[in-house]
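# Structural characterization, general
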Amino acid sequence: MSSVETIIQSIYVVAAVLFIVGLKRMSSPTTARTGIIWAGVGMLMATVATFFYPGIENFLLIATAIFLGTVIAGYTAKKVEMTEMPEMIALYNGMGGGAAAAIAAVELFKDHHLPLSVTTLALIGGIIGSISFTGSLVAFGKLQGMIKGTFRFKGQHQINILLLLGSIALSVLVVTGFDSNATLVTAIFIIALILGIAMTMPIGGGDMAVVISLYNALTGLAVGFEGYVLQNYSMIIAGTVVGAAGTLLTQLMAKAMNKTLVSVLFPFGEASQTSGDAVEGEMKPIEAGDAGIMMAFAQKVIIIPGYGMAVAQAQQKVWELSQLLIERGVDVKFAIHPVAGRMPGHMNVLLAEAGVPYELIFDEDEINQEFKSCDVALVIGANDVVNPIARTDPSSEIYGMPILDADYASNVIVVKRGQGTGFSGIENILFFLDNTRMLYGDGKAVATDLVNSIKEL
Ligand code: NAP
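Fair warning: this is a prediction, and the values are worked out from it, not measured in the lab.

Attention now moves to the pattern of salt bridges. Where charged atoms from two side chains of opposite charge come close, those side chains can pair. Tallied over the full model, the rule gives eight salt bridges. As a salt-bridge pair, K455 and E320 come within 3.5 Å of each other at their nearest N and O atoms. Here E320 lies in helix α13 (residues 315-327) and K455 lies in helix α17 (residues 443-455), a separation of 135 residues in the sequence. The exposure class assigned to E320 is partly exposed, which follows from its relative accessible area of 25%. Each member of the salt-bridge network shares a partner with another, and the members are K300, K333 and E370.

Set out below in C-alpha cells:
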C-alpha cells in the first residue's frame, strides 16, 4: 500500500468513527442535530479523500454526479413535509441499495478473476442491494398512493422462495468458477430485482413501516459487503453500523405492532378491515368550551398525540394548553406509542421541538397503568394506537398490537377533523364508547380554542 493510500485509509477510519459518534448522538432529541453534523462531516471527509485515490479517473463525471445528487437531495429534503418522511427514507434508501448493487455489477463485469471471497461478497451484496432497490421503490409507490392494494395470490411466497433459491444457485455457479459469464451475472441481478418487487407487493398497511426499516438494514449490509470488495474501511464500518441499527429498529417496530418479521414478509389472505357498520353505539360530540372546563378541573390529564397532530402542526398549541393546565395544578403527562405518527420517534421530535420537557413524556409501558386513575385522556390526532379493537377482535388487522389504554380513563376527548380512519383504515371502537366525546376540527384550531376557553375561566 502506497503512503497516499495509507493516508486515505486512515481518513476512512476517522470518517467511520465520526459516523458512529454521529449515530450515538442521534439517539437523543437533544443531541440529534449535532449528531447529523458529525456524521455529515465524516461523509464529506470520506468523499473528498476518495478523489485522491491513485487510479481514479473521470473526475468530471464523478463531480457532476455528486453535484446533481447534492442539489436534488438538498432541495427535496428541505421541501419534504415531516409527514412524508417515510416516503423519502424509502426512496433514498432504495438509491443506496441500487448504488451497492451497481458497485457489485461493475466489479463482477470488469474482472472475472476476482478472489473467491471478493466474488462471493460482491454477489451477496449485489443481490441484497438489488432487492432493497426495487423493494424500496415499491414501498415508496405504495406510501405515495401510486400503487394501491396488496396483490396477494396463492403460491406467491413459494414463487418468491424459488426466485431467491434460483439467484443463490446461479451465484454458486459463478463463485465456483463453473460458469462466470456476463449473462449469468446479469440473470442473477434481474432475478434479485424482480424478487424485491414480488416480496413487497403483498405487504400493506402498518407493516409498510417495518419493511422500509428492513430494507434500510439490508442496504447497510449490502454497502458493507461492497466495502469489502473495494477494500474501503469507511464503507465496511458505515454499512455494518446501518445494518445493525436498521435490524434493531425493524425488531423494535415489529414488536411494537406485535408482529413477527416472518408474518410481515409473508402475509396471508386479504388484509381485513373492520367496517363502521360492525361497531355499536354512536359518536358523541363536545364543544371546545366544555372540553376545556373538563380538563381545567381535572386532577390528571394524559395527552396522546398522533399523526393528526403532526399534520396540523399543533404541538406548540398543545404545549401551551398543557402549561395552562399545569399552572392550575393539573397533573399533565404525555403518552407516546412507539408507532404513533409516520416514523419512529415522530412524536418525540415534535414535542421536543415545542419545548415539552422529557420528564413529562412517557412510553406506552410506563404510562399504561396510569389511565385507570386519569380523569381525562386527550387524544389529539391519534387513532390506530388507541383502538381497543387490538385487544378484542382476532380478525382485525391490528389485533395483538399493544395500544395506549385511553379507554380506561374516566373521560376521553378525541380531537380529529371528521370520520376519517387511521393509517390501517380500521374503524375505532374507542370513538363510540360511553366515556368518549368527539371534539371535531383541525388539531391546531381546536388546541387554540381549548387554550382560549381555559384562559377565560
Ligand atoms: P393514525 O392512526 O394514522 O390516525 C391519525 C388520525 O389523525 C386520523 O384518524 C385523522 O382523522 C386525524 N387527523 C388527520 N389530520 C388531522 C388534523 N389536521 N387535525 C386533527 N386530526 C387529524 O395515527 P396514529 O394513531 O398516530 O397511528 C399511526 C399509524 O401509522 C399506525 O397504524 C402505525 O402502524 C402507522 N405507521 C407508523 C409508522 C411509524 O414509524 N411511526 C410508520 C408508518 C406507518 P380525520 O381524518 O378524521 O381528521
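On we go from here.
Spatial ordering of the open sheet is given by β3-β2-β1-β4-β5-β6, a layout of six strands whose pairing is parallel. The open sheet has two edge strands with one neighbour each: β3 (361-363) and β6 (436-440). With direction set aside, neighbouring strand axes in the sheet form an average angle of 25 degrees. Along the sheet face, helix α11 (residues 288-296) touches β1 (300-305), β4 (376-380), β5 (411-416) and β6 and points at about 140 degrees away from the line of β5. Where helix α14 (residues 346-354) meets the sheet, it contacts β1, β2 (331-336) and β3, and its direction lies at approximately 140 degrees from that of β2.

Quick look at the environment of I89 now. Topologically, I89 is positioned in helix α4 (residues 85-110). With 79 residues separating them along the chain, I89 and S10 place their C-alpha atoms 30 Å apart.

Time to look at the site of the ligand. In the vicinity of the ligand lie 31 residues, with G341, N383, D384, R417 and G443 positioned nearest. Within the backbone of G381, one N or O atom sits 3.1 Å away from an oxygen atom of the ligand. Residue composition of the shell around the ligand, by class: 13 nonpolar, 13 polar and five charged. Here the shell around the ligand spans two domains, since at least three of its residues come from each of domain 1 (3-265) and domain 2 (288-455).

A few words now on the environment of Q299. Assignment of secondary structure puts Q299 in the loop between α11 and β1. As a C-alpha pair, Q299 and R328 span 29 residues in sequence and 9.6 Å in three-dimensional space. Apart from residues lying up to four places away in sequence, Q299 is in contact with V330, D331 and D375.

What follows covers the packing of aromatic side chains. In total, this model carries one aromatic pair according to the counting rule given. Their ring planes at 20 degrees and their centres at 5.9 Å tell us that F51 and F59 sit as a pair that is stacked. Residue class for F51 comes out partly exposed when judged on its relative accessible area of 26%. Of note, R328 hangs over the ring of F297, and the distance from its end group to the ring centre comes to 5.1 Å.

It is worth spelling out the domain arrangement of the chain at this point. Each assigned domain of the chain is listed here: domain 1 (3-265) and domain 2 (288-455). On a C-alpha basis, the centres of domain 1 and domain 2 stand 37 Å from each other. Taken together, the contact between domain 1 and domain 2 spans 16 residues of the former and 19 residues of the latter. When the area that domain 1 buries against domain 2 is broken down by residue, the three leading residues are M82, T83 and A256, summing to 36%. Applying the counting criterion to the domain 1 and domain 2 interface returns zero salt bridges. Connecting domain 1 to domain 2 are one residue pair in polar contact (both at pLDDT 80 or more). Elements with a minimum of two residues in the side of domain 1 that touches domain 2: α4 and α9 (233-256). Per element, the largest residue contribution to the side of domain 1 that touches domain 2 is four residues, and it comes from α9. Looking at the side of domain 1 that touches domain 2 residue by residue, the class counts come to nine nonpolar, five polar and two charged.

About the cut-offs
Within each chain, residues carry numbers counting from 1 in the order of the written sequence. Local features in a predicted model are, by the rule used here, given only for residues with pLDDT of at least 70; side-chain atom pairs are given and counted only at 80 or more, and totals for whole chains, interfaces and linings are based on all residues. Only hydrogens and water are removed before side-chain values are computed, so all heavy atoms of the structure are retained for them. What counts as a salt bridge is simple: a side-chain nitrogen of Lys or Arg found within 4 Å of a carboxyl oxygen of Asp or Glu. Helix and strand assignments follow DSSP, with helices taken as H or I runs no shorter than four residues and strands as E runs no shorter than two, numbered in order from the N terminus. Relative accessibility under 20% of the residue-type maximum defines a buried residue, over 50% an exposed one, and the middle range a partly exposed one, all with a 1.4 Å probe and only protein chains included. Whether two strands pair comes down to DSSP finding at least two bridges between them. Lines fitted to C-alpha atoms define the axes here, with helix axes fitted over just the stretch in contact, and angles between the N-to-C directions of these axes take values from 0 to 180 degrees. Contacts are assigned to residue pairs that have any heavy atoms within 4.5 Å of one another. Note on terminology: near, applied to a residue and a molecule or strand, indicates that one of the residue's heavy atoms is within 4 Å of it. Polar contacts, as used here, are pairs of N or O atoms within 3.5 Å; protein pairs need one atom able to donate a hydrogen and one able to accept it. Residues neighboring in sequence count only if both atoms are side-chain atoms. Polarity classes work like this: nonpolar for Ala, Val, Leu, Ile, Met, Phe, Trp, Tyr, Cys and Pro, charged for Asp, Glu, Lys and Arg, and polar for all others, with Gly in that last group. The start and end points of each domain follow an automatic or database-based domain assignment. Between the rings of Phe, Tyr and Trp (Trp by its six-membered ring), a pair exists once the centres lie within 6.5 Å; its type follows the angle of the planes, with under 30 degrees stacked, over 60 edge-to-face, and the other angles tilted. Criterion for a charge above a ring: Arg CZ or Lys NZ at most 6 Å from the ring centre, at most 35 degrees from the ring normal. When two components associate, each loses some accessible surface as probed by a 1.4 Å sphere; the sum of these losses over both components is called the buried area.

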